[in-house]
Amino acid sequence: QDADRAWIWCAAGAIAGAVAGLKLTAAPYCLGLAGAAIAWPSWRGMPQRLAALASGGIVGIALTWGYWGTLLWHLHGNPLFPYYNEIFHSPDAAFATNTDLRFRPADTLDALLIPLRLLEKSQRYSEMNLKDPRLLLGAIAWIVVPWRALRAVPVDVARSARLRGIAGFFCVALLAWAVQYGIYRYAIPLEMLGCLGFVLALEGLPAHRIDSGTLVGCLIAIALSWPASWGRSHFQRTYVDVRMPTLPHASMVVLSSWSPLAYAVTALPDDVPAIGIYNTLLQPHDCAGLAVAARQRIAAHAGPIWLLRGSDPTDDNGQGIAASDYGLIVAGHCEPVTTNFGTLRLCPLRKNPPPPVCATAAPAPGR
């Protein structure tokens, strides 16, 4: 009965909405909460639970995303910029979804098979090799555990309701995550619930088998796992440490790389602008407003210009695009930029007249 009180679901929705507002990739877990509200016993109370959940969610996302969304609308004409630009049509980006489709399942059956396919080491659901049984353990456990609780004699009504709610959350969130993303690093809550379901499933074993069952289950789970590092580094007291060379007066730095280099920009003096000219958002040939603005800023700059790039050969492509699309040619020795994430390079550039590519884009609404 307490769980049917509107304020409990409203508070849960507010927390979930606030998290989604801070990180939009958490949105599938808001749908997971709706699954919990539907799976909870008492069908008569379901509309009230869902309404309270939605009301709290709106408040939560307004608190954490409202200002940012309004600012994006004012600057770019798209409150989710650059995402869903095929709907909002901001002139500052291509009219595309900007969604990574590499890991999305092809159809419903493909989505349902994800937990099984994660038992094979591959890059099917990750940029790195990965193998992990936790989603499969969770998918099995959150069917078995609530069913077993319903068959218990006597039935613990409150515990059974909680287990049904978690099972509803897991199943709906798993499907929403698979359909929207499919990339494993966005499945951390599902990992955690998979482990919880596994432990709860072991509770059903006879007492003298729990220890051996736990040991065997953990050994199997470990043997079937191949974790990915996701590019994370060990904790350090100084999270970002960048040793940037001293730049001449009136310098400008450009970034032309798909590698994450923005952390190094924090080491630049406040009066040195950093302009992205090629990255996962900005493509020189899409003729969007950001690309046009980058060209205009570079053309109007009279001081020295530098290219910040990684040492990896893959950044040669970005250096080539700086030359071919912006007329920025490396003209001298590249100085090393030492960071705690690896060594970067800072290369002096000279301007050549760039080839004509884009017409001037119209300003975004509100600009």
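Structure: above.
Below or above, wherever it landed, is the structure these notes cover. Just so it is clear, the structure is predicted and the values come from calculations on it, not from any experiment.

Quick notes on the rules
- Residues numbered from 1 in each chain as written.
- Predicted model: local features only at pLDDT ≥ 70, side-chain atom pairs only at ≥ 80, totals over all residues.
- Heavy atoms only, no water.
- Axes fitted to C-alpha atoms, helices over the stretch in contact; angles between N-to-C directions.
- Helix = DSSP H or I, 4+ residues; strand = E, 2+ residues; numbered from the N terminus.
- Parallel < 35°, antiparallel > 145°, perpendicular 65-115°, else oblique.
- Left-handed = near helix turned anticlockwise from the far one by under 90°.
- Contact = heavy atoms within 4.5 Å.
- Buried < 20%, exposed > 50% of the residue type's maximum accessible area, 1.4 Å probe, protein only.
- Pairing = 2+ DSSP bridges.
- 1 Å grid on protein atoms, 1.4 Å probe; cavity = no way out; pocket = protein on both sides within 12 Å on 5 of 7 lines; lining within 4 Å.
- Points joined across faces, edges and corners; volume = space filled by probe spheres on them.
- Nonpolar A, V, L, I, M, F, W, Y, C, P; charged D, E, K, R; others polar.

**With respect to the packing of helix α2 (residues 27–39) against helix α3 (residues 46–76)**
Axis separation between α2 and α3 bottoms out at 9 Å; the angle between their running directions is 160°. Judged on the interaxial angle alone, α3 and α2 are roughly antiparallel. Note on packing geometry: the crossing formed by α2 with α3 is right-handed. Listed contacts from α3 to Leu 33, Ala 34, Ala 37 and Ile 38 of α2 are Met 46, Arg 49, Leu 50 and Leu 53.

**A closer look at unusual backbone geometry**
Here Phe 81 and Pro 82 are connected by a cis peptide whose omega angle stands at 5°. By the element assignment, Pro 82 lies in the loop between α3 and α4 (85–88). A positive phi angle, near 55°, is found at His 89, a position not held by glycine. For His 89, a relative accessible area of 43% corresponds to the partly exposed category.

**Comments concerning the pairing of strand β6 (residues 335–339)**
Note that strand β1 (residues 242–243) and β6 share two bridges and pair antiparallel. Among the inter-strand pairings, Arg 243 is bridged to a residue of β6, identified as Thr 338. Between β6 and strand β7 (residues 342–351), which follow one another and run antiparallel, lie two residues.

**Re the layout of surface pockets**
Estimates place the volume of the largest pocket at around 1400 Å³. Lining the largest pocket are 35 residues; nearest its centre among them are Tyr 83, Asn 98, Thr 99, Asp 100 and Tyr 186. Sorting the residues of the lining of the largest pocket by element identifies α1 (6–22), α2, α3 and α8 (157–180) as the ones contributing at least two each. Residues belonging to the lining of the largest pocket are distributed by class as follows: 23 nonpolar, seven polar and five charged. Put simply, the second largest pocket is a space of about 1200 Å³. Surrounding the second largest pocket, 35 residues form its lining, Ser 259, Pro 260, Leu 261, Ala 262 and Tyr 263 being those nearest its centre. Every element with two or more residues in the lining of the second largest pocket is listed here: β2 (252–256), α11 (262–265), β3 (274–278), α12 (289–300) and β7. Of the residues in the lining of the second largest pocket, the class split is 20 nonpolar, 12 polar and three charged.

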